[in-house]
Amino acid sequence: MARQRSIFSLILVLLATFLISCGGPGVAVAPPTYTTAQIEKIQLYVPEIQAVLDRSEELKSLIQKQDWINVSNFIHGPVTSARLNLTYVTPNLLPNDQAKARQITRDLFNHLVKVNQGASSSNAQVALSNSEAAFADIDKFLQLLPEASTQ
């Protein structure tokens with residue numbers, strides 16, 4: 001009986017050694033990259049997003065003048081259009097960047113709501129600080145994009 005146990009143990013050791021040696025290191029997976037189709041889709045929206053970012057001084061000027069109607073128009077027009085474009089770009093980003101992009105888009109929305117609240121209550125300080133934060137969000141989003149799409 002003792003001899004059978006030692007033979008059985010030897011067989012189990014050999015089997016375990018064989019299975020471990022066959023396992024080897026995992027297959028190296030290449031890091032995810034953008035396809036040309038994804039870059040083309042992203043490039044469709046980048047100029048419109050960049051154009052709104054370039055107009056940040058216009059909104060700042062409107063807030064400083066306390067031209068609340070035009071502030072509201074600017075928020076609900078070009079800036080909301082840029083936010084919509086951000087949501088169109090997000091599914092074309094790499095999986096790791098998609099979560100960050102969604103969070104940035106949510107932050108942008110929250111800042112736009114606060115700008116609108118500041119405009120509604122004629123509070124220039126709230127509107128100005130949140131408009132700067134909103135444009136910072138757009139800039140953060142553009143930094144997530146691949147180099148080829150932003151050139």
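Data block above holds the structure.
All values derive from a computational prediction rather than experimental measurement. (Residues numbered from 1 in each chain as written. Predicted model: local features only at pLDDT ≥ 70, side-chain atom pairs only at ≥ 80, totals over all residues. Heavy atoms only, no water.)

Visitor: Could you give an account of unusual backbone geometry, with specific residues and numbers?
Guide: Trans is the common state for peptide bonds, and a negative phi is the common state for residues other than glycine. A positive phi is found at Gln66, a non-glycine position, where the angle reads about 60°. Tracing the chain through its elements places Gln66 in the loop between α3 (56-65) and α4 (68-89). For Gln66, a relative accessible area of 44% corresponds to the partly exposed category. The residue Ser122 is not glycine, and still its phi comes out positive at about 55°. With respect to the helices and strands, the residue Ser122 is situated in the loop between α5 (95-120) and α6 (124-144). Overall, the relative accessible area of 44% leaves Ser122 in the partly exposed class. (Helix = DSSP H or I, 4+ residues; strand = E, 2+ residues; numbered from the N terminus. Buried < 20%, exposed > 50% of the residue type's maximum accessible area, 1.4 Å probe, protein only.)

Visitor: Outline a nonpolar patch on the surface, listing residues and values.
Guide: Together, Phe8, Leu12, Leu15 and Phe18 give the surface a local cluster of nonpolar side chains, amounting to about 420 Å² of exposed area. Take Leu15: it is sitting in helix α1 (residues 2-23). (Patch = residues over 30% accessible without salt bridge, like charges linked within 9 Å, V, L, I, M, F, W, Y side chains within 5 Å. Areas by Shrake-Rupley, 256 points an atom, 1.4 Å probe, with all protein chains shown as cover. Salt bridge = Lys/Arg side-chain N within 4 Å of Asp/Glu carboxyl O.)

Visitor: Run through the environment of Arg55, naming residues and quoting values.
Guide: Locating Arg55 in the fold gives a position in the loop between α2 (36-54) and α3. Through-space distance from the C-alpha of Arg55 to that of Phe74 is 9.9 Å; in sequence the pair is 19 residues apart. Look past the residues within four positions of Arg55 in its chain and what remains in contact with it is Phe74 and Pro78. (Contact = heavy atoms within 4.5 Å.)

Visitor: Requested: an account of the packing of α4 against α6, with residues and values cited.
Guide: The geometry of α4 relative to α6 is characterised by a closest axis approach of 12 Å and an angle of 20° between their N-to-C directions. On the basis of their axis angle, the class for α4 and α6 is roughly parallel. Considering only the axes of α4 and α6, their crossing is left-handed. Facing α4, whose interface residues are Trp68, Phe74, Val79, Leu86 and Val89, α6 presents Ala124, Ala127, Phe135 and Phe141. When the residues that make up the contact of α4 with α6 are grouped by side-chain class, the tally is nine nonpolar, no polar and no charged. (Axes fitted to C-alpha atoms, helices over the stretch in contact; angles between N-to-C directions. Parallel < 35°, antiparallel > 145°, perpendicular 65-115°, else oblique. Left-handed = near helix turned anticlockwise from the far one by under 90°. Nonpolar A, V, L, I, M, F, W, Y, C, P; charged D, E, K, R; others polar.)

Visitor: Talk me through α4; I want residue IDs and the actual numbers.
Guide: The terminal C-alpha atoms of α4 lie 30 Å apart, and with 22 residues this matches the ideal 32 Å at 1.5 Å per residue to within 8%. A maximum bend of about 35° is found in α4 at Thr80. Buried residues belonging to α4 abut α2, α3, α5 and α6. (Expected span 1.5 Å × (residues − 1). Bend = angle between axes of the 7 residues up to and from the residue.)

Visitor: Would you mind going over α2 in detail, with residue names and values included?
Guide: In this model, α2 (19 residues) spans 27 Å end to end at C-alpha, consistent with the 27 Å of a helix rising 1.5 Å per residue. At Tyr45, α2 shows its largest bend, some 30°, and a proline, Pro47, comes one to four positions later. Within the sequence span of α2, burial applies to Gln38, Ile39, Ile42, Val46, Ile49, Val52 and Leu53.

Visitor: Tell me about the packing of α2 against α6, and please be specific about residues and values.
Guide: For any two helices packed against each other, the geometry comes down to the angle between their axes and how far apart the axes lie. Put simply, α2 and α6 touch, their axes get as near as 10 Å, and they point 145° apart. Crossing geometry of α2 relative to α6 is assigned as left-handed. Every residue of α6 that contacts α2 at Ile49, Gln50, Val52 and Leu53 is listed here: Phe135, Ile138, Asp139 and Leu142. Its residues assigned to classes, the contact of α2 with α6 shows six nonpolar, one polar and one charged.

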